[in-house]
Amino acid sequence: MVEIELDGKKVSVPVGSMVMHAADAAGTYIPHFCYHKKLSIAANCRMCLVDVEKAPKPMPACATPVTQGMVVRTKSDRAVKAQASVMEFLLINHPLDCPICDQGGECQLQDLAVGYGGSSSRYQEEKRVVFHKDVGPLISMEEMSRCIHCTRCVRFGQEVAGVMELGMIHRGEHSEITTVVGDTIDSELSGNMIDICPVGALTSKPFRYQARTWELSRRKTVSPHDSTGANLVVQVKNNQVLRIVPLENEDVNECWIADRDRFSYEAVNSAARLTEPMIKQGGEWITVDWNTALGYVADGLKRVKGEFGAAGIGALGSEHSTVEELHLLAKLVRGIGSDNVDTRLRHAEFTTGEGARWLGTSIATLSTLDRALVVGSFLRKDHPLFAQRLRQAARRGAQVMSLNAAREDWAMNVGASLVAAPDAWAQSLADIAGYIATAVGVAAPAPAMVNASAEAIAQSLLSGERKAILLGNAAAQHPQASQLLALANWIGGQVEAKVGYLGESANTVGAQLVGAQPRNGGLNAGQMLSQPMKALLLLNVEPALDAANAAAATAALQGSGLVVALTSFRDAAVDNADVLLPITPFTETAGAYVNAEGRVQSFHGVVKAMGNSRPAWKVLRVLGNLMGLDGFSQESAEEVRAEALGDVSTVPARLSNASVAVQAALVPQGGVQRIADVPIYSADSLVRRAGALQRTADAAAPVVGVPSNLWAQLGLASGDKVKVSQGANSAVLPAREDSSLAANAVRVPAGHADTLGLGAMFGALVLEKA
């Protein structure tokens, strides 16, 4: 530690700290623009000039290292005059348009100009003008004359998002921030540039001209999308969500959020919202009151149970639903006498573990790993904030490795990569295990084959201290999911690495904890979506878009009896539903999610329910009472949560990634295999209806990725289409050559309207030139 004197106070900070860090530790504010605690130091705005004793001139606090006995004055005449001079230069070319600027009221430049700016300008020449730029549907760069060249956005792209989408061109007063040759900004974390911009140069396009900051109420909530459980601040005016920004939580999302966390709120305000219960009669939808709708559902369930028995009744819930909703859904179905309840709609295997499957370590630990093997994950798009954590680790020298059907660009330095078709993943892990077994002198868990990439991964895992093997969405949904986990656990045990699942959705862990899976021989999601059910309850589910096998799910529901959809949207992809019950999205209900690390995070509704919609937990509670079931008398979400989770402090003890012994690795089937990613803005019902997100590059229509060898074999050229066939199901889609794919793997996205006619997300397919 080094001790310095700062404005007359003694402050101790670690060796290598800057004066700005000492000021932060002492609670002393030094004005600044370019400095940001999560970014590298640029020292180009000079607003943080301070008076350092014995220094010939004021020094930038952000870039001046502390030394033992240093004396620093941040408010001396010398420091204040230097800061005022910098402010004068910053305002020379800055347009004085605060009344029409979207940043007005929350602008660092505006705030500091009050303290350090002059009452008039000495500059008589014309101000410069920077031409506006169109960089996509999320970020507005229409007022770039306001830019003060702090370069925060540039450094954010390089260091946090991993993609340098913005840069500076020209020199002096001609400098400007821009993209390369008019490109759009397409990073899945791009919206954070809006937050870190200290002026009104980068603003939110969807929020532009919607409200002034002082008109907004601010309320806390939790993201309903991925398993990070990002903490959010929702900003509300006139009972309408107008903006979402991050709530800082170092242990979860730091000060960042993904673009889907930020912009998906457009869906909750959309015209697609379902606000009244509806019943289908004679093929037409009729609006009814809640008593009629719930009475119709209760009578229908009683009739089905009487005629066919409770075994014909099932329920499917989305893992984007809250703990309370999934608990009451499972309790309702079991109260009727059935055990047919599940949330694992995209899975191909349904083995349950001793406890809830989870990350296996804390989220914060991902930033400090020395070695990480990521198995079956489209990391950047599936888990943007986890990818950012691993990117931090890679920048510190960690070796991040992958096993997948494609060598994806994760916007970080990736070490050894094992590229194999999905049916060869188990054998690939067995190969890694074989090299480790030889190195440590134990028997291998399964027969191994010679594989140079597997050897490189094994050697890496045998070195380093902090290590993790992370199973992604594709590994969890894989037909050999339990085999992959068993092999990962064996490898983890030998190299002392944590083993866990990245988690598919906001409440994947919570769904397991509340028992929203069949326990006593009930039908799982795969079975319920491959055969007609006599009655089916769907909670936040659009089967054709959320199922592992879209074609089978569509056929099964067409043959089903009573189909009840609890949904927030009138255009929900449940064409054969008999009843639509309007439930509220996460902004209009209280509840809790359990994120990948097992952290229970509760929240309250931030606005009133739209129209006649109701929180799903209340709908399920009333339905339970109408069915005459016991245990549906809860008065609050907190009461339901207490019943669902019990003592929250015991949740960590209920998490487990334990697996059965490793079986012999299965021999790959051969032939052309499908690998299916779910596009980031097709993953749940909210992002599918968020207008701005649907205009991004990531929401473009799916294109079939064809490996180079197969591309040449089929004689394909740029712009061609291919016919993709899985059994009797097929679709014609545009194709592109993808040299990163395994030789016998074809990438066909799932969860999108264009691929609904296809079969399972994994398995053999036939490819023909259309």
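Preceding this paragraph is the structure being described.
Read on for an overview of the structure. Being a predicted model, the structure only gives us computed values, none of them experimental. (Residues numbered from 1 in each chain as written. Predicted model: local features only at pLDDT ≥ 70, side-chain atom pairs only at ≥ 80, totals over all residues. Heavy atoms only, no water.)

## What to know about the sheet that holds strand E3 (residues 49-52)
Thinking step 1. On the basis of which strands lie adjacent, the open sheet formed by 5 strands has the order E2-E1-E5-E3-E4 and mixed pairing. Two strands close off the open sheet at either side, each with one partner strand: strand E2 (9-13) and strand E4 (59-60).
Thinking step 2. The pairing of strand E1 (residues 2-6) with E2 spans 5 bridges and is classified as antiparallel. Paired with leucine 6 across the strands is lysine 9, a residue of E2.
Thinking step 3. Of the strands in this sheet, E1, E2, E3 and strand E5 (71-73) touch helix H1 (residues 19-26), which is tilted by about 115° from E2.
Thinking step 4. Packed onto the sheet, helix H2 (residues 77-92) meets E3 and E5 and runs at close to 155° relative to E3. (Pairing = 2+ DSSP bridges. Helix = DSSP H or I, 4+ residues; strand = E, 2+ residues; numbered from the N terminus. Contact = heavy atoms within 4.5 Å. Axes fitted to C-alpha atoms, helices over the stretch in contact; angles between N-to-C directions.)

## A word on the side chain of arginine 243
Thinking step 1. If you trace the backbone, arginine 243 turns up in strand E13 (residues 240-246).
Thinking step 2. Note on arginine 243: relative accessible area 11%, which makes it buried.
Thinking step 3. Aside from chain neighbours lying at most four places away, what touches arginine 243 is Glu106, Phe207, Thr213, Leu216, Arg218, Val233, Val234, Gln235 and Tyr265. (Buried < 20%, exposed > 50% of the residue type's maximum accessible area, 1.4 Å probe, protein only.)

## Regarding the pattern of salt bridges
Thinking step 1. Within the structure shown, the criterion is met by 39 salt bridges.
Thinking step 2. The shortest N-O distance in the salt bridge between glutamate 5 and lysine 10 comes to 3.8 Å.
Thinking step 3. Salt bridges linked by common partners bring Arg346, Glu542, Asp546, Asp571, Arg688 and Arg689 together as one network. (Salt bridge = Lys/Arg side-chain N within 4 Å of Asp/Glu carboxyl O.)

## Overview of the sheet that holds strand E22 (residues 498-501)
Thinking step 1. Ordered in space as E20-E19-E18-E21-E22, the 5 strands form an open sheet in which the pairing is parallel. Lying at the two open borders of the sheet, with one neighbouring strand each, are strand E20 (414-419) and E22. Each neighbouring strand pair of the sheet contributes to a mean axis angle of 15°, computed without reference to strand direction.
Thinking step 2. Here strand E19 (residues 399-404) pairs with E20 via 4 bridges, running parallel. When the bridges of E20 are listed, asparagine 404 appears paired with valine 419.

## Points about the packing of aromatic side chains
Thinking step 1. In total, this model carries 3 aromatic pairs according to the counting rule given.
Thinking step 2. Here tryptophan 425 and phenylalanine 762 contribute two aromatic rings whose centre-to-centre distance is 6.4 Å and whose plane-to-plane angle is 80°, an arrangement assigned as edge-to-face. Taken as a pair, tryptophan 425 in helix H11 (residues 425-440) and phenylalanine 762 in the loop between strand E32 (745-747) and strand E33 (763-764) lie far apart in primary sequence, 337 residues in all.
Thinking step 3. On the accessibility criterion, phenylalanine 762 (10% relative accessible area) is buried. (Phe/Tyr/Trp six-rings, centres within 6.5 Å; stacked < 30°, edge-to-face > 60°.)

## Overview of the packing of helix H4 (residues 152-161) against helix H10 (residues 384-395)
Thinking step 1. One way to put it is that H4 packs onto H10 with a least axis distance of 9 Å and a crossing angle of 85°. By the criterion of interaxial angle, the relationship of H4 to H10 is roughly perpendicular. Seen from H4, the contacting residues are Gln158, Glu159, Val160 and Ala161; seen from H10, they are Gln388, Arg391 and Arg395.
Thinking step 2. Along the lines of polarity and charge, the residues of the contact of H4 with H10 split into 2 nonpolar, 2 polar and 3 charged. (Parallel < 35°, antiparallel > 145°, perpendicular 65-115°, else oblique. Nonpolar A, V, L, I, M, F, W, Y, C, P; charged D, E, K, R; others polar.)

## Details of a nonpolar patch on the surface
Thinking step 1. A contiguous nonpolar patch, built from Val440, Val442 and Leu462 and spanning about 190 Å² of accessible area, is present on the exposed surface.
Thinking step 2. Looking at the element boundaries, valine 440 is found in helix H11.
Thinking step 3. We classify valine 440 as partly exposed; its relative accessible area is 35%. (Patch = residues over 30% accessible without salt bridge, like charges linked within 9 Å, V, L, I, M, F, W, Y side chains within 5 Å. Areas by Shrake-Rupley, 256 points an atom, 1.4 Å probe, with all protein chains shown as cover.)

## Describing the environment of alanine 745
Thinking step 1. Mapped onto the fold, alanine 745 is located in strand E32.
Thinking step 2. The spatial distance from the C-alpha of alanine 745 to the C-alpha of alanine 421 is 5.2 Å, given a sequence separation of 324 residues.
Thinking step 3. Those residues within four positions of alanine 745 in sequence are excluded, and the remaining contacts are Ala405, Ala421, Pro422, Gln673, Ile675 and Pro707.

## Digging into the nonpolar core
Thinking step 1. Grouped together as the largest cluster of nonpolar side chains are 74 residues, with contacts concentrated most on Phe33, Ile139, Met141, Phe156, Leu166 and Leu202.
Thinking step 2. Contributing elements (two or more residues each) for this core: H2, helix H3 (108-116), strand E7 (139-141), H4, helix H5 (192-196), strand E12 (231-237) and E13.
Thinking step 3. Examining the composition of this core, we find that 5 residues originate from one element, H4, more than from any other.
Thinking step 4. In this view, phenylalanine 33 contacts Cys45, Met47, Met87, Leu90, Gln108, Leu109, Leu112, Ile148, Cys150, Arg152 and Pro198; residues no more than four positions away in its chain are not counted.
Thinking step 5. Ranked by size, the runner-up nonpolar core spans 53 residues in total, among them Ala356, Val509, Leu513 and Leu537. (Core = buried A, V, L, I, M, F, W, Y, C linked by side-chain atoms within 4.5 Å.)

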